[in-house]
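Fold and geometry: a report
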Amino acid sequence: MPTDLSALRARVENAAKVLGRCWPLQSYIAANPLAGLEKLPFDEAVAEGQALYGGRGYPSVAQLRAAWDAGAINANHLADRLEAYGFTESPAHLLDRMEAATPPSVNRSNDSLLNRVMAKWLAVFVDQGQATWTMPRRQEGFYAAWRAVAPYDTTLAHRDCLHDLPERPLEALAAALSDVEPSQWERVLRHHLTALPGWASFIKWRSQDRHDAWQAAHPITMTGYLAARLHTARAIGLPVAPDGVAEAAVGASRNGRDRPAMAAPWLEAWEATYREQLLHDVQAAAATIHTGAAPDRPKAQLVFCIDVRSEVIRRHVEQAGPYQTFGYAGFFGLPMQFQPYDSDNRITACPPIVDPKHRIQEVCGDHRPDAAAAHERWVALGRAWQRLIKSLKHNVAAAFGFVEGSGGLFGVAMAARTLIPGWLRTQHQAWAKRVPTSDTFCDLSLDRAPAADHADGLPVGLSAEERSYYAEAAFRLMGWQQFAPVVVFTGHGSETVNNPYASSLDCGACAGHPGGPNARILAAICNDPAVREVLSERGIVIPEDTVFLAAEHTTTTDAVRLFHPPTLTERQAKIVDQLRRDLHTARVQAAAERAPALQGARRSHAVADTARRAADWAETRPEWGLSGNAAFIMAPRALTAEFSLDGRAFLHAYNWQTDDRGTALETIMTGPLVVGEWINMQYYFSTVDNAVYGSGSKITQNVVGNVGVWQGNGGDLMTGLPLQSLQVDDATPYHHPLRLLAVVYAPRARVSRVIERNAQLRSLFDHEWMALTVLDPEHSNRRYVYQPGGTWATPSTESRDDQDTEPALAL
């Protein structure tokens, strides 16, 4: 029996490194399913993913053929790539050969008895309020709870062996591996982790999240899961180390690893076709960026999230009036938890690469007691109704009578929700106007609270220095140079019903939550006279006639709601009134632009159609989300304002002239850009193999434990996006699976220094998980393309085999 428990613990950690992380539905975070393999070059990682999970890593022949037929792959680019890879056949012949040679995508079998049993126990343990009767002894942890009940599981033929297991999971795991050589532990453990990679990735996330309340109440660890799984295998009569696993080291099954996949040159040509047109447009705009006169002071400035969906509404806002827009990560640089009024829930409102450092609360102010009382009355009534319905549905004695007595009422309600969802939404909104929203009567707890009030180790509120720091960081990252009379920080969220993936449509930078609270907090900070005084001392002078407001953009309908404003001057009030009207105009135009891509939507009725989609509980595609994403541009808005990006680019404001040390650029490239790569890779892999890396059709999904979805009534937790988020129909793709292109408008030397200082960023570029192009304003906007290994190429020398390139890192 293995006795070196510290070595075994290390083997568990090493085996889990191949896994990414999977967040729960309430805070759905886009993530690369092969995040655990990002240290490998892209082609090696996708081959390793094939070996571990059975997932395809390149677009299918059908996807490539559709792109080729649609003209999305330029013939010259394809010829260059095929020649570089040594292929001599015609494109049509090569596609036919690929189709004949491509094996079908093989999903890991989730219907074996071992997987079914473990999925069952995991589902009942991690349940977050879906089940009425919960698993006993969950507070003791997964292994302890499983150990107490598993001996009574009649599906296990040899369950008697489960009666005398060690109490500690690590010792139990060691006992399960007693017949396996220590040199093989890691391979055996990896095999079991990748058998249910969705569940294992969820356990990895939850066990590492220090702020998850469910983990604190019902802990689960990778060691506990593996101990339970291996002993369950023994109880079923299966070997702990199946045949061949011990001999299969990582990479041992990389058949043809030295020869790139035949689809690789097609993917590169597809990417080159899109990038060539984009860079041509941006470079042309860069040639004129300094030729015009200094811009007039705009009436209002709006800061939107960098989300690709913001590009469409920003363009139409700018066309509607004398407005200027900026792009900034949607959490607005505030690493915090947010606690809404009258709620015990603390919402993490910052990206997963940032740990929350503060907690901000909504607290009832004394300026509108009537509004607060009305809000509490309506909320209390709604909660009482929900409790009544739940108790009647779940009470053994009352359930049957409740169904008999209320069936007609609920039948009418179901019919109305199905047949007239848009009308019901209108009526609900009219009723909701009677309920004051919390932003109209609540204050934000910005002042630092005493240490005794700190919860979860997070201080409540912000110090004076912290407030000044976050405001300064925002303006410096965006390269802000002048202030309009009205500045609006605009977060974003979505509006859908009956949609398990609702949080995937909210702000990813806010951990899958709406960004309105972050916008409100930053606006309140910037309205603070003390903060303005500090900023003035630091060279950021905010005029006295400038006021900061907050808003939230609903991406499903393109409506922009302004939150309750502070006291406004007469001039500011007129600007805000006009802005409301222009935001509605922009909404109408943006919805009409998006309508053709949504099945059944009509340009002439686009606003009504988007509103109907937001309220229709049978709608599988309320919006396209971030489908289509392919580029991340860090530049002044002037480089992209004059042409449409079709909602395919993340846009982060950046001014190289105000960032001599490159601090702002480094923050953007190591933060928002990395998150953009996560999003891009999730969409990429969910598209190229939806059965393995996505989550299949919404129609056959079921929510499990309020943490995720699975297909049918059991199996693995699905980690990616559903088909309806990626495909128009079974045969027509909407999302183009292209790797992300990062475009930076800055001196090449500055970008090189950022890459040199950040190993993770350099690895993503060197291993071709994303690409990088720099437009150098100090060299006549010359284009430089980063090459794996740390060199730069210009378009005329952009060849895979070109060695006459300029050094990128040796500065």
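From a predicted model like this one, the values you see are computed outputs, not experimental measurements.

Rules used in this analysis
- Residues numbered from 1 in each chain as written.
- Predicted model: local features only at pLDDT ≥ 70, side-chain atom pairs only at ≥ 80, totals over all residues.
- Heavy atoms only, no water.
- Pairing = 2+ DSSP bridges.
- Helix = DSSP H or I, 4+ residues; strand = E, 2+ residues; numbered from the N terminus.
- Contact = heavy atoms within 4.5 Å.
- Axes fitted to C-alpha atoms, helices over the stretch in contact; angles between N-to-C directions.
- Domains from an automatic or database assignment.
- Buried area = accessible area lost by both parts, 1.4 Å probe.
- Polar contact = N/O pair within 3.5 Å; in protein donor to acceptor, adjacent residues only side chain to side chain.
- Expected span 1.5 Å × (residues − 1).
- Disulfide = S-S within 2.5 Å.
- Buried < 20%, exposed > 50% of the residue type's maximum accessible area, 1.4 Å probe, protein only.

Another point: the sheet that holds strand β3 (residues 336-339). Think of a sheet as strands paired side by side through backbone hydrogen bonds, with each pair either parallel or antiparallel. One open sheet holds the four strands; their spatial order is β4-β3-β5-β6, and the pairing between them is mixed. Where the open sheet ends on each side, the last strands, each with one partner, are β4 (347-348) and β6 (442-444). In terms of strand pairing, strand β5 (residues 358-364) meets β6 through three bridges, oriented antiparallel. Along β6, the bridge assignment pairs E362 with L444. Packing against the sheet, helix α19 (residues 516-526) makes contact with β3, β5 and β6, and its axis sits at approximately 105° to β3.

With that settled, consider the sheet that holds strand β2 (residues 323-328). Strand order across the open sheet formed by five strands is β2-β1-β7-β8-β9, with mixed pairing between neighbours. Two strands lie at the open edges of the sheet, namely β2 and β9 (559-562), each paired on one side alone. This sheet shows a mean twist of 25° between the axes of neighbouring strands, independent of strand direction. Bridging between strand β1 (residues 300-305) and strand β7 (residues 486-493) involves four bridges; their strand directions are parallel. Directly across from V303, in β7, lies its bridge partner F489.

Domain boundaries assigned for the chain yield domain 1 (3-30 + 109-254), domain 2 (299-366 + 441-619) and domain 3 (369-432). Each of domain 2 and domain 3 has a C-alpha centre, and the two are 30 Å apart. The partner domain 3 presents 13 residues to the 13 residues of domain 2 that form the contact. Each partner contributes to the roughly 1,200 Å² buried at the junction of domain 2 and domain 3, and carbon and sulfur atoms together form 57% of this total.

Once that is clear, we can look at the side chain of H358. Assignment of secondary structure puts H358 in strand β5. Polar side-chain contacts of H358 include one of 2.6 Å to the side chain of Y470. The contact partners of H358, leaving out residues within four places of it in the chain, are P335, M336, Q337, R448, L458, P459, G461, L462, E466 and Y470.

Residues that lie three or four places apart on an α-helix share one face, since the helix turns once every 3.6 residues. Taking 1.5 Å of rise per residue, 15 residues should cover 21 Å, and helix α12 (residues 222-236) covers 21 Å from first to last C-alpha, within 8% of that figure. Just beyond α12, the residue with positive phi is G237, at close to 100°.

Evaluated as defined, the whole model comprises zero disulfides. Left without a disulfide partner, C22 is nearest to the cysteine sulfur of C350, which lies 19 Å away. C510 supplies the cysteine sulfur nearest to C350, a cysteine that is in no disulfide, at a spacing of 8.4 Å. Overall, C350 belongs to the buried group, its relative accessible area being 1%.

Now for the environment of L549. Looking at where L549 falls in the secondary structure, it is placed in strand β8 (residues 547-554). A C-alpha to C-alpha distance of 54 Å links L549 and A84, two positions 465 residues apart in sequence. Not counting residues up to four positions away in its chain, the partners in contact with L549 are V486, V487, V488, F489, A523, P565, P566, L568 and V576.

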